[in-house]
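Geometric and topological summary
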Number of protein chains: 2
Amino acid sequence: MQDSFIEIIGFIAAILTTAAFLPQVYKTWKTKDVSSLSLPMLLLFFIGIVSWLAYGFLKNSPSMIFANSITVVSSFLLVYFKIKYRE
Amino acid sequence: MQDSFIEIIGFIAAILTTAAFLPQVYKTWKTKDVSSLSLPMLLLFFIGIVSWLAYGFLKNSPSMIFANSITVVSSFLLVYFKIKYRE
């Protein structure tokens with residue numbers, strides 16, 4: 001299959017999973033309600049995203065580099081909010 | 001860089017981001033507290049993961065296929081819990 005077609009699928013995935021964090025980050029920032037967010041989940045996820053970013057560079061995947069560069073920032077913000085606002 | 005080394009990075013990423021959802025799914029199932037989970041986030045994320053799974057197949061990436069096959073199930077469960085338990 002053509003590489004450009006594959007990257008279109010990748011960018012659709014990238015935009016959706018990246019955009020998925022924006023309402024969560026906004027909601028958490030606005031409500032300061034972190035009770036049903038799990039800190040172990042957020043930390044594992046953050047380190048995982050850093051690893052996916054490395055993998056994206058090694059595989060020369062533009063859509064993975066794009067997605068994980070943004071998600072690394074938004075998942076870091078969720079970790080920060082969880083630590084700052086927890087009881 | 002050697003392909004097998006690249007896949008090791010990919011599998012580290014895969015295990016971390018996959019494992020990241022298990023405490024969240026468990027916590028949500030146990031507490032039935034979905035107040036700080038965002039439904040738009042969960043839905044976008046679920047469709048995004050389906051797209052990443054397709055991308056993983058098209059790129060012949062074992063670590064992406066592994067990670068996204070599992071995450072597609074756990075993100076579906078979170079969508080289900082959010083709809084079932086919301087006020």
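Rules used throughout
Residues numbered from 1 in each chain as written. Chains lettered and ligands numbered in written order. Predicted model: local features only at pLDDT ≥ 70, side-chain atom pairs only at ≥ 80, totals over all residues. Heavy atoms only, no water. UniProt positions renumbered as here; feature names shortened; annotations may be inferred. Least-squares fit on C-alpha atoms with pLDDT ≥ 70 in both. Contact = heavy atoms within 4.5 Å. Buried area = accessible area lost by both parts, 1.4 Å probe. Salt bridge = Lys/Arg side-chain N within 4 Å of Asp/Glu carboxyl O. Helix = DSSP H or I, 4+ residues; strand = E, 2+ residues; numbered from the N terminus. Buried < 20%, exposed > 50% of the residue type's maximum accessible area, 1.4 Å probe, protein only. Axes fitted to C-alpha atoms, helices over the stretch in contact; angles between N-to-C directions. Parallel < 35°, antiparallel > 145°, perpendicular 65-115°, else oblique. Left-handed = near helix turned anticlockwise from the far one by under 90°. Nonpolar A, V, L, I, M, F, W, Y, C, P; charged D, E, K, R; others polar. 1 Å grid on protein atoms, 1.4 Å probe; cavity = no way out; pocket = protein on both sides within 12 Å on 5 of 7 lines; lining within 4 Å. Points joined across faces, edges and corners; volume = space filled by probe spheres on them. Patch = residues over 30% accessible without salt bridge, like charges linked within 9 Å, V, L, I, M, F, W, Y side chains within 5 Å. Areas by Shrake-Rupley, 256 points an atom, 1.4 Å probe, with all protein chains shown as cover.

Per an unreviewed UniProt entry, chain A goes by MtN3 and saliva related transmembrane protein and derives from Flavivirga rizhaonensis. Chain A has a UniProt comment under Subcellular location (unreviewed entry) that states "Membrane".

**A word on the relation of the copies chain A and chain B**
Superposing chain A onto chain B requires a rotation of 180° together with a translation of 0.0 Å along the rotation axis, leaving an RMSD of 0.0 Å. Read as a symmetry element, the transformation amounts to a two-fold axis. Using C-alpha coordinates, one finds that chain A approaches the rotation axis most closely at Ser36 of chain A, a distance of 2.8 Å. Most of the interface of chain A is mirrored in chain B, where 100% of its interface residues are also at the interface.

**With respect to the interface of chain A and chain B**
At the interface, 40 residues of chain A touch 40 residues of chain B. Together chain A and chain B conceal approximately 3500 Å² of surface at their shared face, both sides included; 71% is due to carbon and sulfur atoms. Counting the surface chain A buries against chain B, the share from its top three residues, Ser36, Trp52 and Tyr55 of chain A, is 18%. Summed over the shared surface of chain A and chain B, the number is 2 salt bridges.

**What about the pattern of salt bridges?**
For the coordinates displayed, the defined rule picks out 2 salt bridges over all chains. One salt bridge connects Glu7 of chain A with Lys59 of chain B, and the closest N-O pair in it is separated by 3.7 Å. Separated into two different chains, Glu7 of chain A in helix 1 (residues 3–31) and Lys59 of chain B in the loop between helix 2 (39–58) and helix 3 (62–85) make up a pair that spans both. Judged by relative accessible area, Glu7 of chain A falls into the buried class, the value being 15%. Its relative accessible area of 24% is what places Lys59 of chain B among the partly exposed residues.

**Remarks on the packing of helix 1 of chain A against helix 3 (residues 62–85) of chain A**
Geometry of a packed helix pair, given as the angle between the helix axes and the separation of the axes. Residue and element names in this part refer to chain A. It is the contact of helix 1 with helix 3, at a shortest axis distance of 9 Å, that shows an interaxial angle of 15°. Judged by the inter-axis angle, helix 1 sits roughly parallel to helix 3. The handedness of the crossing between helix 1 and helix 3 comes out as left-handed. Of helix 3, the residues touching helix 1 (which contributes Glu7, Gly10, Phe11, Ala14, Ile15, Thr18, Phe21, Gln24, Val25, Thr28 and Trp29) are Pro62, Ser63, Phe66, Ala67, Ile70, Thr71, Ser74, Leu77, Leu78, Phe81 and Tyr85. Taken together, the residues of the contact of helix 1 with helix 3 sort by class into 14 nonpolar, 7 polar and 1 charged.

**Considerations on empty space enclosed by the protein**
In this structure the tally under the stated criterion is 2 cavities of 30 Å³ or more. Approximately 240 Å³ is the volume found for the largest cavity. Lining the largest cavity are 18 residues, and of these Ile49 and Trp52 of chain A together with Ile49, Trp52 and Asn68 of chain B sit closest to its centre. Looking at the lining of the largest cavity, the elements with two or more residues in it are helix 1, helix 2 (39–58) and helix 3 of chain A together with helix 1 (3–31), helix 2 and helix 3 of chain B.

**Examining a nonpolar patch on the surface**
On the surface, a nonpolar cluster with roughly 250 Å² of combined accessible area is contributed by Ile15, Phe66 and Ile70 of chain A. In this structure, Ile15 of chain A sits in helix 1.

**So, the environment of Ala67 of chain A**
Take Ala67 of chain A: it is sitting in helix 3. The sequence separation of Ala67 of chain A and Lys32 of chain A amounts to 35 residues, and the corresponding C-alpha distance is 26 Å. Leaving out residues up to four positions away in the same chain, Ala67 of chain A has contacts with Ala14 and Thr18 of chain A together with Trp52 of chain B.

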